[in-house]
Amino acid sequence: MFRPTEVARRHDLGAHAEMTGNDAGSSDSFARELVALGRAYDFDHCLLARFPKADSPEFSANLLAASWADELRLAYEHAEIFAGSLLVQQLKQTALPIFSMDNLFLSSAASEARNPVAALFEQHTPSGHLAFSLHDRHQTQYILVYSGRATKPRREDIAMMQLSAMELIDRGVESLVPRPGPREKLSAREIECLRWSAAGKSSDEIAIILDISSHTVVSYLKSAMRKLEAVNRMQAVARACRYRLL
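To keep things clear, this report deals only with the structure shown in the data block. (Residues numbered from 1 in each chain as written. Predicted model: local features only at pLDDT ≥ 70, side-chain atom pairs only at ≥ 80, totals over all residues. Heavy atoms only, no water.)

**Observations regarding the overall build of the protein**
So, step 1. Per the secondary structure count, the protein includes 10 helices and six strands.
So, step 2. Contacts in the protein between residues far apart in sequence, at least 24 positions, make up 59% of those at least 6 positions apart.
So, step 3. On the protein, roughly 13,100 Å² of surface is accessible, and the fraction owed to carbon and sulfur atoms is 50%. (Helix = DSSP H or I, 4+ residues; strand = E, 2+ residues; numbered from the N terminus. Contact = heavy atoms within 4.5 Å. Areas by Shrake-Rupley, 256 points an atom, 1.4 Å probe, with all protein chains shown as cover.)

Laid out in structure tokens, this is it:
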């Protein structure tokens, strides 16, 4: 099973590579649904990745699932052009789906002929790319790209694909990327105490607000710190915010 600190293992949608742990079945099912959605609209290839950030721009660090040939995937990882690609740059400018006959995975149209990866795309992943920028319920941003269709889908078909993809992401992406969080669930009172602590209140002030003793407040905060593996209140608040508990 995935642990919160692990980087999610890439999943080959074409080969349905075996996943390890208890999440294997759900991840395979999610992969098949991603592929099926694209093929229902005549797209042969699929890719799902996290939107690259400044501190993690690498393709390999963000790739979650792909039906690409290993040769293409490895060459694209080595090229290190994902974060600067037309795909990422255009999706930064719009929330709408993008369809293009150009190779969005390269950095510019002019560089295609000079980039050896371009020939591999032509061989393994034909042009005709439909790209979506999607978010899950935790507001993590993803890029979903379907490739291999020579004509642009109808507007209503693109809208239906986008809605279907949103539904898939909402219920299935955590089989590939388990949401990090504390190993032990925090109680409502522990979260309340952390929330008021984040607002700058002391234990005595929190006790007055919640109509409990200051000793009880300290006990709740210590318990929250233990569950969040924090050394002090400030770190506990920061981790609670990161896990979207506050």
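Once the structure has been displayed, the description carries forward.
**Digging into the side chain of H124**
So, step 1. Looking at where H124 falls in the secondary structure, it is placed in helix α5 (residues 116-124).
So, step 2. Looking at H124, its side chain comes within polar contact range of the side chain of E71, at 3.1 Å.
So, step 3. Excluding its chain neighbours within four sequence positions, the residues that come into contact with H124 are H45, A69, E71 and L72. (Polar contact = N/O pair within 3.5 Å; in protein donor to acceptor, adjacent residues only side chain to side chain.)

**Overview of the packing of aromatic side chains**
So, step 1. Enumeration according to the criterion identifies 11 aromatic pairs in this entry.
So, step 2. Note on F59 and F82: the rings are 5.2 Å apart at their centroids and 70° apart in plane angle, and the pair reads as edge-to-face. On the criterion of sequence distance, the pair formed by F59 in helix α2 (residues 59-62) and F82 in the loop between α3 (70-79) and α4 (86-91) is long-range, its members being 23 residues apart. Assigned by exposure class, F59 and F82 land together as buried.
So, step 3. On the numbers, 5.3 Å between centres and 85° between planes, the contact of W68 with F121 is edge-to-face. (Phe/Tyr/Trp six-rings, centres within 6.5 Å; stacked < 30°, edge-to-face > 60°. Buried < 20%, exposed > 50% of the residue type's maximum accessible area, 1.4 Å probe, protein only.)

**Side note on the nonpolar core**
So, step 1. Counting residues in hydrophobic clusters, the biggest one holds 25 residues, and the most contacted among them are L47, W68, Y76 and L87.
So, step 2. Among the secondary structure elements, those contributing two or more residues to this core are β2 (45-50), β3 (63-66), α3, α4, α5 and β6 (141-147).
So, step 3. Of the residues forming this core, the biggest block, four residues, is contributed by α5.
So, step 4. What L47 contacts, discounting residues up to four positions off in sequence, is F59, L63, A65, A66, W68, F105, I143, L144 and V145.
So, step 5. By size, the runner-up hydrophobic cluster in this structure holds 23 residues, among which are L37, F43, L144 and M161. (Core = buried A, V, L, I, M, F, W, Y, C linked by side-chain atoms within 4.5 Å.)

**Description of unusual backbone geometry**
So, step 1. Backbone geometry places D42, a non-glycine residue, at a positive phi of 70°.
So, step 2. Mapping D42 onto the fold places it in the loop between α1 (24-39) and β2.
So, step 3. D42 sits in the exposed class, given a relative accessible area of 53%.
So, step 4. For E229, which is not glycine, the phi torsion reads 55° and is therefore positive.
So, step 5. The residue E229 is located in the loop between α9 (214-227) and α10 (233-242) in this model.

**Regarding the environment of L176**
So, step 1. Relative to the elements of secondary structure, L176 occurs in the loop between α6 (155-172) and α7 (188-198).
So, step 2. Note on L176: relative accessible area 1%, which makes it buried.
So, step 3. For the pair formed by L176 and F30, sequence separation is 146 residues and the distance between their alpha carbons is 8.5 Å.

**Focus: the pattern of salt bridges**
So, step 1. A full pass over the atoms with the stated rule returns 11 salt bridges.
So, step 2. Residue E229 pairs with R183 through a salt bridge whose shortest N-O separation is 4.0 Å. Pair noted here: E229 is in the loop between α9 and α10 and R183 is in the loop between α6 and α7, with a separation of 46 residues, a long-range link. The residues E229 and R183 share a single accessibility class, namely exposed.
So, step 3. Across the pair R226 and E184 runs a salt bridge whose closest N-O atoms are separated by 3.1 Å. Residue R226 is found in helix α9, and its partner E184 is found in the loop between α6 and α7; the two are separated by 42 residues along the sequence. (Salt bridge = Lys/Arg side-chain N within 4 Å of Asp/Glu carboxyl O.)

**Considering the environment of L245**
So, step 1. Position of L245 among the secondary structure elements: in the segment after α10.
So, step 2. On a C-alpha basis, the gap between L245 and P182 in space is 10.0 Å, while along the polypeptide they are 63 residues apart.

**Some thoughts on α10**
So, step 1. For α10, every residue scored as buried is listed here: A236, V237, R239 and A240. Angularly, the buried residues of α10 cover 165° about the axis, an arc narrow enough to put them on a single face. Relative to its buried face, α10 has exposed residues pointing more than 90 degrees away, namely M234 and R242.
So, step 2. Considering only its buried residues, α10 is in contact with α7 and α9.
So, step 3. Trailing α10 by a residue or two, R244 shows a phi angle of about 60°, which is positive. (Arc of directions from axis to C-beta.)

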